[in-house]
Amino acid sequence: MSGNPNQLMGRALIRANGMELATLDGSTFTPAGVTRTTVKGYRVLGYQEAVQEAHLECKIQQSPGGTSVDDINAMNNVTITFVADTGESWTIPNAWCDGGCTLGDKGEIDAKFTGKTSQRTA
């Protein structure tokens, strides 16, 4: 965190149970809460709410001797932490990997972690 009020979020560090994951650019965090869907008839009638789980989607670089696609797929009951370079951070406690990780030809693992709740921690 630079302390400069002009700094905008540009990078994020991701940890699983305190272990830093070798994530590539493009991670997306969605906090738990509610989603709203517009209800339409002859006119716009209003909206309906539904609960939304927390999730984090990211790309992790696989490396020899490092975290493998099998390791990521097996992650369950982990605390996922998303830390922005601006100092803001969020956690997803008791998270699980959805088990559908894929491994690309350049060694990138596409992963998605989900949890019932999330908390802003800083």
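As the structure is a computational prediction, the values presented were derived from the model and not from experiment. (Residues numbered from 1 in each chain as written. Predicted model: local features only at pLDDT ≥ 70, side-chain atom pairs only at ≥ 80, totals over all residues. Heavy atoms only, no water.)

Caption draft 1: Representation of the pairing of strand β1 (residues 12-16) within the structure. Strand direction decides the pairing type here: β1 and strand β7 (residues 76-84), joined by five bridges, are antiparallel. Looking at the pairing, A12 lines up with A84 of β7. In terms of strand pairing, β1 meets strand β2 (residues 19-20) through two bridges, oriented antiparallel. Paired with A16 across the bridge in β2 is M19. Once β1 ends, the chain turns through two residues before running back antiparallel as β2, passing N17 with a positive phi of about 50 degrees. (Pairing = 2+ DSSP bridges. Helix = DSSP H or I, 4+ residues; strand = E, 2+ residues; numbered from the N terminus.)

Caption draft 2: The side chain of H55, seen in detail. You can see H55 is positioned in strand β6 (residues 54-61). Residue H55 is classed as buried on the basis of its relative accessible area, which comes to 11%. Beyond its immediate chain neighbours, meaning those up to four positions away, H55 contacts T28, F29, T30, I92, K112, F113 and T114. (Buried < 20%, exposed > 50% of the residue type's maximum accessible area, 1.4 Å probe, protein only. Contact = heavy atoms within 4.5 Å.)

Caption draft 3: Local environment of the packing of aromatic side chains. Following the criterion strictly, the structure yields three aromatic pairs and no others. Aromatic pair F82 and W90: ring centres 6.0 Å apart, planes at 55 degrees, arrangement tilted. An identical accessibility class is assigned to F82 and W90; each is buried. (Phe/Tyr/Trp six-rings, centres within 6.5 Å; stacked < 30°, edge-to-face > 60°.)

Caption draft 4: Layout of the nonpolar core. Core analysis: the largest hydrophobic core is formed by 22 residues, its most contacted members being L21, L56, I72, M75, I80 and F113. Counting only elements with at least two residues in this core, the list comes to β1, β6, α1 (69-73), β7, β8 (89-97) and β10 (108-115). (Core = buried A, V, L, I, M, F, W, Y, C linked by side-chain atoms within 4.5 Å.)

Caption draft 5: Quick peek at the pattern of salt bridges. Overall, the coordinates contain four salt bridges when judged by the stated rule. Across the salt bridge formed by E49 and R36, the nearest N and O atoms sit 3.0 Å from each other. Highlighted residues: E49 in strand β5 (residues 44-52) and R36 in strand β4 (residues 33-40), separated in sequence by 13 residues. (Salt bridge = Lys/Arg side-chain N within 4 Å of Asp/Glu carboxyl O.)

Don't take any of this as a statement about function, it's just geometry.
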